[in-house]
Amino acid sequence: MALALDPLIHQPVRLRIMTVLHALGPEQEVEFTTLRDMLGVTDGNLGSHLRKLEEAGYVRTHKTFVLRRPRTYIAVTGLGLNAYQTYLMALERLLRPPEPRPTAP
Amino acid sequence: MPQDAAPAELQRRLAEATAWTRRTRRHWRHRGVAYVFWLWGAIWSIGYGGLFVWGEGPRAAWLWLILWALGGMGTAAVYLRYGWRVRAVRTDRQDRPAFWPLNLLFMALMFVVRPPHSMYRDGTVVALWILWAYAVLGWQVGRPFYTRWAVVMAGLTVAGFGLLPQRPFYLWMAVVGGLTWLAGGVYQRRGREA
């Protein structure tokens, strides 16, 4: 079965976001400015990519206060985990060399 | 469509995903706890090493006081650097059936080494109390590694306490206890689990 590459995840910055969140796992969340610094992007750039991922249900964000400062935390959802794993599988399958066809005797 | 992209570009994407996964696990997934483990591994080794070399007395007591202060400051520094950046999604796992039996087990272990009226016993009680806290913490933040590690450490501590005379017990705690802390940090930093 041919797996399609999810265009939402294929975009380079969103791929990095999803990779980081996948590596942290759904039980952990990362703070917005930390993710921004890790990826080396601007606030606006990260915000717009996160909005797209959130609209697709791949990530969830929540705002809270830590040491009296407002912070936004981001975590991957179950749907996002599945989408990311499917994307990686599709990528690996597309890169796999075609299997040699059996030759007639 | 993305699947029509050149193989070189797809290869680049895959390599990037692999590299970012490794980087995230190494630097962030453990939330700095790996460094706390290394810090306390060093403290246990030095503190119990001091007890082994000098025996009980003011010198060892002062050493422990200084080490506790450094450990507290170091742990706070790690939290300020890492703790709020990546954190566990809040979970309440106190309804798990093993939570209370585990608490009782640690309390029972502390009673085994009672009454605490010497550095030998007091130190072991404190060590078990710290391990108990790690075990409970593992439950509460959904990190089974902390719980498993704390149970192993408690087993080693009680085994050393029960089987060894006082002075060799300090050496046991310095070497085996310290190394188990350090190994816990290495394990987490490899991204196996935080």
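Residues numbered from 1 in each chain as written. Chains lettered and ligands numbered in written order. Predicted model: local features only at pLDDT ≥ 70, side-chain atom pairs only at ≥ 80, totals over all residues.

## Here's the deal with the overall build of chain B
Right, on to step 1. Regarding its fold elements, chain B presents seven helices and one strand.
Right, on to step 2. For chain B, the N- to C-terminal ordering of α and β elements is α-α-α-β-α-α-α-α.
Right, on to step 3. By residue count, 29% of the 194 residues in chain B fall in the buried class.
Right, on to step 4. Pairs at least 24 residues apart make up 68% of the contacts formed inside chain B by residues separated by at least 6 positions. (Helix = DSSP H or I, 4+ residues; strand = E, 2+ residues; numbered from the N terminus. Buried ≥ 20, exposed ≤ 12 C-beta atoms within 10 Å, placed from the backbone. Contact = placed C-beta atoms within 7 Å.)

## Examining the pairing of strand 1 (residues 28–31) of chain A
Right, on to step 1. One ladder, built from three bridges, connects strand 1 of chain A with strand 1 (residues 86–88) of chain B; its direction is antiparallel. Residue pairing for strand 1 of chain B: Q28 of chain A is matched across the bridge by A88 of chain B.
Right, on to step 2. Bridge count for strand 1 of chain A against strand 3 (residues 69–76) of chain A is two bridges, and the pairing is antiparallel. Note that in strand 3 of chain A the partner of V30 of chain A across the bridge is I74 of chain A. (Pairing = 2+ DSSP bridges.)

## Brief notes about the confidence of the model for chain B
Right, on to step 1. In this model, chain B carries an average pLDDT of 82, and 86% of its residues clear a pLDDT of 70 or more.
Right, on to step 2. Interface confidence for the predicted complex, expressed as ipTM, amounts to 0.85; the pTM equals 0.71. (pLDDT = per-residue confidence, 0-100.)

## Some thoughts on the packing of helix 2 (residues 33–54) of chain B against helix 3 (residues 58–83) of chain B
All names here are of chain B.
Right, on to step 1. Relative to each other, helix 2 and helix 3 sit at 180°, their axes nearing to 10 Å. Taken together, the axes of helix 2 and helix 3 are roughly antiparallel relative to one another. Mapping the contact onto sequence places Y35, V36, L39, W40, I43, I46, G47, G50, L51 and W54 in helix 2 and R59, A60, L63, W64, L67, G71, G74, T75 and V78 in helix 3.
Right, on to step 2. Among the residues forming the contact of helix 2 with helix 3, the class breakdown is 13 nonpolar, five polar and one charged. (Axes fitted to C-alpha atoms, helices over the stretch in contact; angles between N-to-C directions. Parallel < 35°, antiparallel > 145°, perpendicular 65-115°, else oblique. Nonpolar A, V, L, I, M, F, W, Y, C, P; charged D, E, K, R; others polar.)

## Considerations on the packing of helix 2 (residues 12–24) of chain A against helix 1 (residues 7–29) of chain B
Right, on to step 1. Running from amino to carboxyl end, helix 2 of chain A crosses helix 1 of chain B at an angle of 45°, the nearest separation of the two axes being 8 Å. Considered as vectors, helix 2 of chain A and helix 1 of chain B are oriented oblique to each other. Helix-helix and strand crossings are classified by hand; for helix 2 of chain A and helix 1 of chain B the assignment is right-handed. Contact with helix 2 of chain A, carried on its side by L15, R16, T19, V20, A23 and L24 of chain A, involves R13, E16, A17, W20, T21, T24, R25, W28 and R29 of chain B of helix 1 of chain B and no other residues of that element.
Right, on to step 2. Broken down by class, the residue content of the contact of helix 2 of chain A with helix 1 of chain B amounts to seven nonpolar, three polar and five charged. (Left-handed = near helix turned anticlockwise from the far one by under 90°.)

## What to know about the environment of D6 of chain A
Right, on to step 1. Looking at where D6 of chain A falls in the secondary structure, it is placed in the segment before helix 1 (7–10).
Right, on to step 2. Residue class for D6 of chain A comes out buried when judged on the 20 C-beta atoms lying within 10 Å of it.

## Looking at the interface of chain B and chain A
One frequently used descriptor of interface size is the decrease in accessible area upon assembly of the parts.
Right, on to step 1. Residue-level contacts link 22 residues of chain B with 24 residues of chain A.
Right, on to step 2. Sorting the residues of the side of chain B that touches chain A by element identifies helix 1 and strand 1 of chain B as the ones contributing at least two each.
Right, on to step 3. A per-class count over the side of chain B that touches chain A returns eleven nonpolar, five polar and six charged.

## Focus: the environment of H22 of chain A
Residues and elements named next belong to chain A.
Right, on to step 1. By the secondary structure assignment, H22 is in helix 2.
Right, on to step 2. Linking H22 and Q85, residues 63 residues apart in sequence, is a C-alpha distance of 8.8 Å.
Right, on to step 3. Discounting residues that sit within four places of it in the chain, H22 has contacts with V76, L81 and Y84.

## Some points on the sheet that holds strand 3 of chain A
Note: strands within a sheet are paired through backbone hydrogen bonds, in either parallel or antiparallel orientation.
Right, on to step 1. Across the sheet, four strands lie side by side as 2(A)-3(A)-1(A)-1(B); this open sheet has antiparallel pairing. Each edge of the sheet is formed by a strand with only one pairing partner; in this case those strands are strand 2 (59–66) of chain A together with strand 1 of chain B. With strand direction ignored, the average angle separating the axes of adjacent strands in the sheet is 35°.
Right, on to step 2. Bridge count for strand 2 of chain A against strand 3 of chain A is eight bridges, and the pairing is antiparallel. Bridge pairing in strand 3 of chain A links H62 of chain A to Y73 of chain A.
Right, on to step 3. Helix 2 of chain A rests against strand 1, strand 2 and strand 3 of chain A together with strand 1 of chain B of the sheet, and its axis sits at about 85° to strand 3 of chain A.

## Some remarks on the nonpolar core
Soluble globular proteins tend to pack their nonpolar side chains together in the buried interior.
Right, on to step 1. Counting residues in each nonpolar core, the largest one holds 31 residues, and the members touching the most others are V20, L21 and Y87 of chain A.
Right, on to step 2. At the level of secondary structure, the elements contributing two or more residues to this core comprise helix 2, helix 3 (32–39), helix 4 (43–55), strand 3 and helix 5 (78–95) of chain A together with helix 1 of chain B.
Right, on to step 3. The element that contributes the greatest number of residues to this core is helix 2 of chain A, accounting for seven residues.
Right, on to step 4. Leaving out residues up to four positions away in the same chain, L21 of chain A has contacts with V59, I74, A75, V76 and G80 of chain A.
Right, on to step 5. Judged by nonpolar contacts, the second largest core, of 18 residues, contains W38, A60, Y170 and A174 of chain B. (Core = buried A, V, L, I, M, F, W, Y, C linked by C-beta atoms within 7 Å.)

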